[in-house]
Amino acid sequence: PLTKLMEAVAPYEATVIVIHHANKQGATGSMSSAARGTTALTAVPDQLISMKPFMGDGDNRERKEIELTTEGRGGKPVALLLELEEDGRTWVSLGSPSERRQKDSDQKMLAEMSDKQSAVLGLLMQAFEATVDGLTVREMVDGLGLDGQKGAWDVKQRVEALENKKLLSKSAEGRITTGRPANVYVPSAKALAMFRRKE
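Throughout this document, residue positions are counted from 1 along each chain, in the order its sequence is written. Note on the predicted model: pLDDT of at least 70 is required for a residue's local features to be given, and 80 or more for side-chain atom pairs to be given and counted; whole-chain, interface and lining totals, by contrast, use all residues. Note: side-chain values were computed over all heavy atoms of the structure, leaving out hydrogens and water.

Visitor: What am I meant to see in unusual backbone geometry here?
Guide: Positive phi, close to 55 degrees, is recorded for Glu13, a residue that is not glycine. Turning to its location among the elements, Glu13 is positioned in the loop between α1 (2-9) and α2 (31-34). Unusually for a residue other than glycine, Lys166 sits at a positive phi of about 65 degrees. Strands here mean DSSP runs of E at least two residues long; helices mean DSSP runs of H or I at least four residues long; both are numbered from the N terminus. Mapping Lys166 onto the fold places it in the loop between α7 (148-164) and β5 (168-170).

Visitor: Please explain the pairing of strand β2 (residues 66-72) as it appears in this structure.
Guide: Side chains on a regular strand alternate between the two faces of the sheet. Across the 7 residues of β2, 5 count as buried, placing the element largely inside the fold. Sheet topology places strand β1 (residues 47-53) next to β2; 7 bridges connect them, and they run antiparallel. From the neighbouring strand, Ser50 faces β2, where its bridge partner is Thr69. Pairing of β2 with strand β3 (residues 79-84) involves 4 bridges; the strand directions are antiparallel. Its bridge partner being in β3, Thr69 is matched across the sheet by Ala79. The rule for pairing is simple: two strands pair if DSSP sees at least two bridges between them. With antiparallel pairing between neighbouring strands as the criterion, β2 and β3 make up a hairpin whose turn holds 6 residues, including Gly75 at a positive phi of roughly 80 degrees. Exposed residues in this analysis have more than 50% of their type's maximum accessible area, buried residues have under 20%, and partly exposed residues fall in between, with area computed by a 1.4 Å probe over protein chains only.

Visitor: What should I look at first to understand the sheet that holds β3 in this one?
Guide: One open sheet holds the 4 strands; their spatial order is β1-β2-β3-β4, and the pairing between them is antiparallel. The open sheet has two edge strands with one neighbour each: β1 and β4 (91-93). The mean angle between the axes of side-by-side strands here comes to 35 degrees, regardless of whether they run parallel or antiparallel. Any two residues having at least one pair of non-hydrogen atoms within 4.5 Å are treated as being in contact. Only the stretch in contact is used when fitting a helix axis, every axis being a line fitted to C-alpha atoms; angles between N-to-C directions are given from 0 to 180 degrees. The sheet contacts of helix α4 (residues 97-112) involve β2 and β3, and relative to β3 the element is tilted by about 80 degrees.

No statement about biological role is implied by the geometric values presented.
Written as structure tokens, this is what we have:
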């Protein structure tokens, strides 16, 4: 029926817009498989536009924001996060869904960061802003006022956790010591973007 409709209006150069419901799996499936009924429906249009409540990663709570995505033969896919203003007529763009999910993930990571990890990262940020250089584990132990082997082990644990969070990385060159060069740790680009003081 949809093909026949498009053939009927073709002489008038009209654009056919069809509003269709998604099935229950529509929130997670692809657009072409999310349409209720036959998938032949989604093969006819040049462009599919999906609108659904935005849900963060691992979050089953529906939010006020709407996730809009496109798929089709014309142009590259688009993904937008939208919100309907109180007047009920105006849509506002809130950026992309992937950016929001990344921001939510970063906020969750920060909330779960321990005070000890924050102290190490703060010390590294301070050193980097002052010298554009990083610190070795021994320099971090001294900077935090910790002692001996226990202090070094403690800092190593914090450094490993921050590496896993992608907030710091090893510098290309180690610090020359009496033995082999010691690893120098610097804040990652992600950490600098999140925590660097704005001028």
